Amino acid sequence: MEPSLMANQLTEVTIHTNQIPSSQILPPHTLPANHYKLQQLPTSYSILQNSSPSTRDPVNSTILLYPASDSNLSLPELLNETIPSNDINPVNIKSIRGNGLAVTLHTENEVDKLKLIIEENVTLKSAITSKIPSKRNPSIILYNLPSFLNEDEIPQALKFQHNLDFPLNPSFNFRGSSSNLRNWVFEAPAQILNSIKQTNKILIGWGMYRLSEFFHIKRCNFCQAFGHTTKECTLQVPSCGTCAGHHLTSNCQSSLKYCVNCYESNLYTGTDHQNYHSAKDRSCPFFQAAIQHYRTTRDYI
(Lines give C-alpha, C1' and ligand atoms only; values in the text may rest on other atoms or scores of the structure.)
Protein backbone atom coordinates (compact mmCIF):
# COMPACT_ATOMS: atom_id res chain seq x y z
CA MET A 1 0.00 0.00 0.00
CA GLU A 2 1.29 3.44 -0.89
CA PRO A 3 2.39 5.38 2.22
CA SER A 4 0.57 8.36 0.73
CA LEU A 5 -2.74 6.65 1.44
CA MET A 6 -1.97 6.55 5.14
CA ALA A 7 -2.57 10.23 5.86
CA ASN A 8 -4.77 9.52 8.84
CA GLN A 9 -2.23 7.12 10.30
CA LEU A 10 0.49 9.77 10.62
CA THR A 11 1.80 10.29 14.13
CA GLU A 12 0.80 13.53 15.78
CA VAL A 13 3.82 15.77 16.29
CA THR A 14 4.04 18.68 18.73
CA ILE A 15 4.96 22.03 17.19
CA HIS A 16 7.89 23.64 18.94
CA THR A 17 6.85 27.17 19.93
CA ASN A 18 9.67 27.89 22.34
CA GLN A 19 12.65 29.94 21.27
CA ILE A 20 15.06 27.79 19.24
CA PRO A 21 18.77 28.40 19.89
CA SER A 22 20.35 30.17 16.94
CA SER A 23 22.95 27.41 16.71
CA GLN A 24 20.20 24.95 15.75
CA ILE A 25 18.57 27.05 13.02
CA LEU A 26 19.22 25.63 9.56
CA PRO A 27 21.07 28.01 7.23
CA PRO A 28 19.75 28.41 3.68
CA HIS A 29 22.59 26.38 2.17
CA THR A 30 21.41 23.23 3.95
CA LEU A 31 18.74 22.86 1.22
CA PRO A 32 19.53 22.54 -2.50
CA ALA A 33 18.71 25.71 -4.42
CA ASN A 34 16.64 23.87 -7.02
CA HIS A 35 14.72 21.69 -4.57
CA TYR A 36 11.60 23.86 -4.34
CA LYS A 37 11.32 24.41 -8.07
CA LEU A 38 11.66 20.71 -8.81
CA GLN A 39 8.83 19.96 -6.41
CA GLN A 40 6.54 22.01 -8.62
CA LEU A 41 6.31 19.55 -11.49
CA PRO A 42 2.63 19.34 -12.55
CA THR A 43 0.70 16.71 -10.58
CA SER A 44 -2.96 16.09 -9.94
CA TYR A 45 -2.62 17.44 -6.39
CA SER A 46 -0.11 20.21 -6.98
CA ILE A 47 -0.14 22.38 -3.87
CA LEU A 48 3.33 23.93 -3.73
CA GLN A 49 3.29 26.52 -6.50
CA ASN A 50 4.43 30.00 -5.56
CA SER A 51 1.64 30.84 -3.13
CA SER A 52 0.52 30.30 0.41
CA PRO A 53 -1.04 26.85 0.83
CA SER A 54 -3.88 28.32 2.88
CA THR A 55 -5.03 30.60 0.07
CA ARG A 56 -4.19 28.71 -3.10
CA ASP A 57 -7.22 27.54 -5.11
CA PRO A 58 -7.36 23.85 -6.05
CA VAL A 59 -5.83 23.25 -9.46
CA ASN A 60 -6.47 20.84 -12.31
CA SER A 61 -9.76 19.62 -13.74
CA THR A 62 -10.56 16.30 -15.35
CA ILE A 63 -12.75 15.30 -18.27
CA LEU A 64 -13.69 11.72 -19.17
CA LEU A 65 -13.73 10.73 -22.84
CA TYR A 66 -15.45 7.58 -24.11
CA PRO A 67 -16.08 6.05 -27.55
CA ALA A 68 -19.60 7.08 -28.57
CA SER A 69 -20.51 3.74 -30.13
CA ASP A 70 -17.59 1.61 -31.32
CA SER A 71 -16.05 0.17 -28.15
CA ASN A 72 -12.99 -0.91 -30.13
CA LEU A 73 -12.18 2.65 -31.17
CA SER A 74 -8.73 3.81 -30.08
CA LEU A 75 -9.22 7.27 -28.60
CA PRO A 76 -5.48 8.09 -28.42
CA GLU A 77 -5.12 7.23 -32.10
CA LEU A 78 -8.15 9.32 -33.08
CA LEU A 79 -7.07 12.28 -30.96
CA ASN A 80 -3.54 12.13 -32.33
CA GLU A 81 -4.98 12.50 -35.83
CA THR A 82 -7.20 15.47 -34.98
CA ILE A 83 -5.87 17.44 -31.98
CA PRO A 84 -2.15 18.08 -31.35
CA SER A 85 -1.57 17.44 -27.64
CA ASN A 86 0.47 20.65 -27.47
CA ASP A 87 -2.72 22.58 -28.18
CA ILE A 88 -4.23 21.21 -24.98
CA ASN A 89 -1.15 20.44 -22.86
CA PRO A 90 -2.69 17.83 -20.52
CA VAL A 91 -1.35 17.41 -17.00
CA ASN A 92 -2.15 13.70 -17.03
CA ILE A 93 -3.86 11.07 -19.19
CA LYS A 94 -5.10 7.74 -17.85
CA SER A 95 -6.89 4.82 -19.46
CA ILE A 96 -10.23 4.04 -17.79
CA ARG A 97 -12.94 1.43 -18.12
CA GLY A 98 -14.99 1.35 -21.29
CA ASN A 99 -11.92 2.00 -23.44
CA GLY A 100 -12.01 5.62 -22.28
CA LEU A 101 -9.52 8.25 -21.21
CA ALA A 102 -9.39 10.47 -18.13
CA VAL A 103 -7.71 13.68 -19.26
CA THR A 104 -6.55 16.06 -16.53
CA LEU A 105 -5.98 19.68 -17.54
CA HIS A 106 -4.74 22.70 -15.63
CA THR A 107 -8.03 24.58 -15.36
CA GLU A 108 -11.75 24.29 -15.99
CA ASN A 109 -11.34 26.72 -18.89
CA GLU A 110 -9.04 24.23 -20.60
CA VAL A 111 -11.64 21.50 -20.07
CA ASP A 112 -14.24 23.76 -21.71
CA LYS A 113 -11.81 24.41 -24.56
CA LEU A 114 -11.34 20.68 -25.19
CA LYS A 115 -15.10 20.06 -25.08
CA LEU A 116 -15.63 22.86 -27.61
CA ILE A 117 -12.99 21.44 -29.96
CA ILE A 118 -14.71 18.06 -29.85
CA GLU A 119 -18.15 19.60 -30.41
CA GLU A 120 -16.98 21.64 -33.41
CA ASN A 121 -15.17 18.74 -35.11
CA VAL A 122 -17.60 16.55 -37.07
CA THR A 123 -15.43 13.43 -36.75
CA LEU A 124 -14.82 13.81 -33.04
CA LYS A 125 -18.40 14.80 -32.19
CA SER A 126 -19.75 11.59 -33.69
CA ALA A 127 -17.03 9.37 -32.22
CA ILE A 128 -16.49 10.71 -28.68
CA THR A 129 -18.74 11.19 -25.67
CA SER A 130 -17.42 13.46 -22.92
CA LYS A 131 -18.37 13.54 -19.26
CA ILE A 132 -17.30 15.51 -16.21
CA PRO A 133 -16.65 13.04 -13.35
CA SER A 134 -18.93 13.34 -10.35
CA LYS A 135 -17.48 13.73 -6.88
CA ARG A 136 -16.87 10.59 -4.87
CA ASN A 137 -18.06 10.05 -1.34
CA PRO A 138 -15.67 10.76 1.55
CA SER A 139 -14.02 7.86 3.37
CA ILE A 140 -13.67 6.47 6.86
CA ILE A 141 -10.87 4.35 8.27
CA LEU A 142 -11.01 1.69 10.98
CA TYR A 143 -7.65 1.24 12.69
CA ASN A 144 -5.78 -1.91 13.69
CA LEU A 145 -8.39 -4.59 13.22
CA PRO A 146 -7.09 -8.15 13.78
CA SER A 147 -6.27 -9.85 10.49
CA PHE A 148 -8.25 -12.94 11.56
CA LEU A 149 -11.54 -11.03 11.36
CA ASN A 150 -13.86 -12.14 8.60
CA GLU A 151 -14.18 -9.43 5.95
CA ASP A 152 -17.98 -9.58 6.16
CA GLU A 153 -17.99 -8.89 9.91
CA ILE A 154 -16.71 -5.33 9.53
CA PRO A 155 -19.39 -3.81 7.24
CA GLN A 156 -22.08 -5.74 9.10
CA ALA A 157 -20.90 -4.26 12.42
CA LEU A 158 -21.00 -0.75 10.92
CA LYS A 159 -24.48 -1.40 9.52
CA PHE A 160 -25.88 -2.75 12.80
CA GLN A 161 -24.36 -0.20 15.20
CA HIS A 162 -25.18 2.83 13.07
CA ASN A 163 -28.59 1.69 11.79
CA LEU A 164 -27.53 1.85 8.15
CA ASP A 165 -29.93 0.81 5.41
CA PHE A 166 -27.15 -1.07 3.65
CA PRO A 167 -23.63 -2.29 4.49
CA LEU A 168 -20.71 -0.20 3.27
CA ASN A 169 -18.36 -1.78 0.77
CA PRO A 170 -14.67 -1.74 1.75
CA SER A 171 -12.42 0.23 -0.60
CA PHE A 172 -9.14 -1.36 0.50
CA ASN A 173 -7.14 -2.35 3.56
CA PHE A 174 -3.48 -2.08 4.48
CA ARG A 175 -1.05 -2.96 7.25
CA GLY A 176 -1.75 -1.53 10.68
CA SER A 177 0.66 -0.83 13.52
CA SER A 178 1.89 -4.45 13.41
CA SER A 179 1.97 -7.29 10.90
CA ASN A 180 -1.13 -9.00 12.35
CA LEU A 181 -3.29 -5.85 12.25
CA ARG A 182 -5.06 -4.22 9.29
CA ASN A 183 -6.54 -0.78 8.66
CA TRP A 184 -9.78 -0.84 6.66
CA VAL A 185 -11.04 2.03 4.49
CA PHE A 186 -14.68 2.47 3.41
CA GLU A 187 -16.39 5.11 1.30
CA ALA A 188 -19.51 6.51 2.93
CA PRO A 189 -22.11 9.13 1.97
CA ALA A 190 -21.71 12.36 3.94
CA GLN A 191 -24.74 11.76 6.17
CA ILE A 192 -23.44 8.33 7.19
CA LEU A 193 -19.92 9.66 7.63
CA ASN A 194 -21.12 12.36 10.02
CA SER A 195 -23.09 9.83 12.05
CA ILE A 196 -20.18 7.41 12.31
CA LYS A 197 -17.67 10.15 13.20
CA GLN A 198 -19.71 11.09 16.29
CA THR A 199 -18.73 7.84 18.00
CA ASN A 200 -15.10 7.54 16.83
CA LYS A 201 -15.14 3.85 17.73
CA ILE A 202 -16.85 0.61 16.83
CA LEU A 203 -17.41 -2.72 18.58
CA ILE A 204 -16.52 -5.81 16.52
CA GLY A 205 -16.70 -9.10 18.40
CA TRP A 206 -15.00 -8.49 21.74
CA GLY A 207 -12.85 -5.65 20.51
CA MET A 208 -13.36 -1.89 20.41
CA TYR A 209 -11.66 -0.15 17.51
CA ARG A 210 -10.98 3.48 16.65
CA LEU A 211 -12.28 5.07 13.47
CA SER A 212 -12.08 8.49 11.83
CA GLU A 213 -12.34 10.20 8.46
CA PHE A 214 -9.69 9.09 5.98
CA PHE A 215 -8.02 11.56 3.62
CA HIS A 216 -6.57 10.26 0.36
CA ILE A 217 -3.50 12.48 0.31
CA LYS A 218 -0.24 12.04 -1.57
CA ARG A 219 2.98 13.01 0.17
CA CYS A 220 6.41 12.00 -1.08
CA ASN A 221 8.55 10.27 1.55
CA PHE A 222 11.70 11.21 -0.40
CA CYS A 223 11.35 15.00 -0.89
CA GLN A 224 8.33 15.52 1.47
CA ALA A 225 6.29 17.47 -1.11
CA PHE A 226 2.54 16.94 -1.29
CA GLY A 227 1.09 16.02 -4.67
CA HIS A 228 3.12 12.99 -5.69
CA THR A 229 4.46 9.74 -4.24
CA THR A 230 8.00 8.51 -3.75
CA LYS A 231 7.77 6.45 -6.95
CA GLU A 232 6.88 9.58 -8.91
CA CYS A 233 9.56 11.82 -7.39
CA THR A 234 12.14 13.31 -9.79
CA LEU A 235 14.58 14.63 -7.20
CA GLN A 236 17.99 13.04 -6.67
CA VAL A 237 18.68 14.42 -3.18
CA PRO A 238 16.35 13.44 -0.32
CA SER A 239 14.92 15.79 2.28
CA CYS A 240 14.31 14.44 5.74
CA GLY A 241 10.71 14.60 6.92
CA THR A 242 11.90 15.29 10.46
CA CYS A 243 14.77 17.80 10.25
CA ALA A 244 14.86 18.75 6.51
CA GLY A 245 18.45 17.47 6.18
CA HIS A 246 19.89 15.69 3.14
CA HIS A 247 19.13 12.15 4.24
CA LEU A 248 16.21 9.74 4.35
CA THR A 249 13.80 10.26 7.22
CA SER A 250 14.46 6.72 8.41
CA ASN A 251 18.14 7.60 8.88
CA CYS A 252 17.53 10.82 10.85
CA GLN A 253 19.31 11.17 14.20
CA SER A 254 18.35 14.78 14.89
CA SER A 255 16.21 15.80 17.84
CA LEU A 256 15.21 19.02 16.03
CA LYS A 257 12.01 19.03 13.97
CA TYR A 258 12.09 21.33 10.95
CA CYS A 259 9.62 21.38 8.05
CA VAL A 260 11.23 21.56 4.61
CA ASN A 261 7.96 22.63 2.95
CA CYS A 262 7.39 25.60 5.26
CA TYR A 263 11.08 26.56 5.07
CA GLU A 264 11.07 26.63 1.26
CA SER A 265 7.75 28.46 1.10
CA ASN A 266 9.11 31.16 3.41
CA LEU A 267 12.38 31.35 1.49
CA TYR A 268 11.00 31.44 -2.06
CA THR A 269 7.52 32.95 -1.74
CA GLY A 270 7.78 35.25 1.28
CA THR A 271 5.33 33.41 3.54
CA ASP A 272 5.85 33.40 7.30
CA HIS A 273 5.04 29.84 8.35
CA GLN A 274 6.27 28.36 11.61
CA ASN A 275 9.07 25.93 10.63
CA TYR A 276 9.68 23.96 13.78
CA HIS A 277 7.59 20.88 13.16
CA SER A 278 8.03 17.79 11.01
CA ALA A 279 6.83 17.66 7.40
CA LYS A 280 4.07 15.22 8.40
CA ASP A 281 2.73 17.28 11.30
CA ARG A 282 -1.03 17.56 10.93
CA SER A 283 -1.00 21.21 11.91
CA CYS A 284 1.45 22.07 9.09
CA PRO A 285 -0.19 24.54 6.66
CA PHE A 286 0.82 22.34 3.73
CA PHE A 287 -0.82 19.29 5.28
CA GLN A 288 -3.94 21.35 5.97
CA ALA A 289 -3.91 22.70 2.40
CA ALA A 290 -3.74 19.14 1.06
CA ILE A 291 -6.78 18.22 3.19
CA GLN A 292 -8.69 21.28 1.96
CA HIS A 293 -7.91 20.36 -1.64
CA TYR A 294 -8.96 16.74 -1.07
CA ARG A 295 -12.28 17.91 0.36
CA THR A 296 -13.06 19.77 -2.86
CA THR A 297 -12.97 16.39 -4.65
CA ARG A 298 -15.52 14.71 -2.36
CA ASP A 299 -19.28 15.06 -1.96
CA TYR A 300 -20.03 16.33 1.54
CA ILE A 301 -23.65 17.24 0.83
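Our subject is the structure listed above.
Treat the numbers as computed from the prediction; the structure is a model and nothing was measured.

Draft legend 1. Local environment of the sheet that holds strand 1 (residues 61-67). Here we have four strands laid out as an open sheet, ordered 2-3-1-4, and antiparallel in their pairing. In this open sheet, the two strands that pair with only one neighbour each are strand 2 (92-96) and strand 4 (128-131). Recorded for the sheet is a direction-independent mean angle of 25 degrees between the axes of neighbouring strands. In terms of strand pairing, strand 2 meets strand 3 (residues 100-105) through five bridges, oriented antiparallel. Of the residues in strand 3, the one forming a bridge with Ser95 is Leu101. Across the sheet, helix 4 (residues 108-120) is in contact with strand 1, strand 3 and strand 4; its angle to strand 1 comes to roughly 20 degrees.

Draft legend 2. Inspection of the sheet that holds strand 6 (residues 170-175) at higher detail. With respect to topology, five strands assemble into an open sheet ordered 6-7-5-9-8, the strand pairing being antiparallel. Both outer strands of the open sheet, strand 6 and strand 8 (201-204), are each paired with one neighbouring strand and no more. For this sheet the average axis-to-axis angle between neighbouring strands, irrespective of direction, equals 30 degrees. Relative to strand 9 (residues 207-214), strand 5 (residues 139-146) runs antiparallel, the two sharing four bridges. Among the inter-strand pairings, Ile140 is bridged to a residue of strand 9, identified as Glu213.

Draft legend 3. Examining the pattern of salt bridges more closely. On inspection of all chains with the given rule, the structure shows five salt bridges. Close ionic contact of Glu213 with Lys197 constitutes a salt bridge, the shortest N to O distance being 3.3 Å. One end of the pair, Glu213, is in strand 9; the other, Lys197, is in helix 7 (residues 190-197), with 16 residues separating them in the sequence. Its relative accessible area of 6% is what places Glu213 among the buried residues. Its relative accessible area of 31% is what places Lys197 among the partly exposed residues.

Calculation criteria
- The numbering scheme is per chain: residues are counted from 1 as the chain's sequence reads.
- The predicted origin of the model limits local features to residues at a pLDDT of at least 70 and limits the giving and counting of side-chain atom pairs to 80 or more, whereas totals for whole chains, interfaces and linings rest on all residues.
- No hydrogens and no water enter the side-chain calculation; it runs on all heavy atoms of the structure.
- At least two bridges found by DSSP between two strands is the condition for calling them paired.
- Think of it this way: any DSSP run of H or I at least four residues long counts as a helix, any run of E at least two long counts as a strand, and we number them from the N terminus.
- To get an axis, a line is fitted to the C-alpha atoms, and for a helix only the part in contact is used. The angle between two axes follows their N-to-C directions and goes from 0 to 180 degrees.
- Two residues qualify as a contact provided that any one of their heavy atoms is within 4.5 Å of a heavy atom in the partner residue.
- Definition used for salt bridges: Asp or Glu carboxyl oxygen within 4 Å of a side-chain nitrogen of Lys or Arg.
- Relative accessibility under 20% of the residue-type maximum defines a buried residue, over 50% an exposed one, and the middle range a partly exposed one, all with a 1.4 Å probe and only protein chains included.

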